Amino acid sequence: PAPAPAPAPSDGTHPDASTTGVPAGTVLRASGSLTITEHGAVIDGLDITGTVTVRADDVTIRNTRIRNTGAIPVRNYGSNLVIEDTE
């Protein structure tokens with residue numbers, strides 16, 4: 001059977017373009033593809049052209065834009081990956 005849909009937030013709203021992605025005014029630094037191997041790494045404020053490969057645990061990607069030319073922008077081989085405020 002198909003999984004049950006996620007419950008709606010308690011306030012009845014849903015994330016949309018105005019509440020997700022890189023916050024307005026954030027200055028991003030250009031980057032190519034990344035392979036992250038450091039456990040606990042925090043990737044913040046990048047404009048990545050390519051793919052992100054995560055080969056570590058407890059990695060956080062935030063305030064970042066990923067411009068991927070392939071089918072999979074993020075490949076995760078670790079555990080506890082957090083992606084927040086990222087396009």
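Refer to the preceding data block for the structure.
Definitions and limits used
- Each chain has its residues counted from 1, following the order in which its sequence is written.
- Reporting of local features is limited, given that this is a predicted model, to residues whose pLDDT is at least 70; pairs of side-chain atoms are given and counted only at 80 or more, and all residues count toward the totals for whole chains, interfaces and linings.
- Only hydrogens and water are set aside; all other atoms, that is, all heavy atoms of the structure, feed into the side-chain values.
- We call a set of buried Ala, Val, Leu, Ile, Met, Phe, Trp, Tyr and Cys residues a nonpolar core when their side-chain atoms join them within 4.5 Å.
- Here the term buried applies to any residue with accessible area under 20% of the maximum for its type, exposed to any over 50%, and partly exposed to those in between, with areas from a 1.4 Å probe on protein chains only.
- Helix numbering and strand numbering both begin at the N terminus, where a helix is a DSSP run of H or I of at least 4 residues and a strand a DSSP run of E of at least 2.
- In this analysis, two residues are considered to be in contact whenever any of their non-hydrogen atoms come within 4.5 Å of each other.
- The pairing criterion is simple: DSSP has to find at least two bridges between the two strands.
- The angle between two axes is taken between their N-to-C directions and runs from 0 to 180 degrees, where each axis is a line fitted to C-alpha atoms and a helix contributes only its stretch in contact.

Turning to the nonpolar core, a few remarks are in order. Counting 11 residues, the largest nonpolar core consists of Ile36, Ala41, Ile43, Leu46, Ile48, Val52, Val54, Ala56, Val59, Ile61 and Ile66. Breaking this core down by element, the ones donating at least two residues are strand E4 (46-49), strand E5 (52-54) and strand E6 (60-67). Residues within four places of alanine 56 in sequence aside, it is in contact with Ile36, Thr37, Glu38, His39, Gly78 and Ser79.

It is worth spelling out the sheet that holds strand E2 (residues 34-36) at this point. Here 3 strands make up an open sheet; going across it, the order is E2-E5-E7 and the pairing parallel. Edge positions in the open sheet fall to E2 and strand E7 (74-76), since each of these has one partner strand only. Strand-to-strand twist in this sheet, taken as the mean axis angle between neighbours without regard to direction, amounts to 10°. Two strands pair when backbone bridges link them, and E5 and E7 are joined in this way by 3 bridges, in the parallel orientation. Each bridged residue has a counterpart across the sheet, and for threonine 53 the counterpart in E7 is arginine 75.

In short, the description is geometric, and any link to function would need to be established separately.
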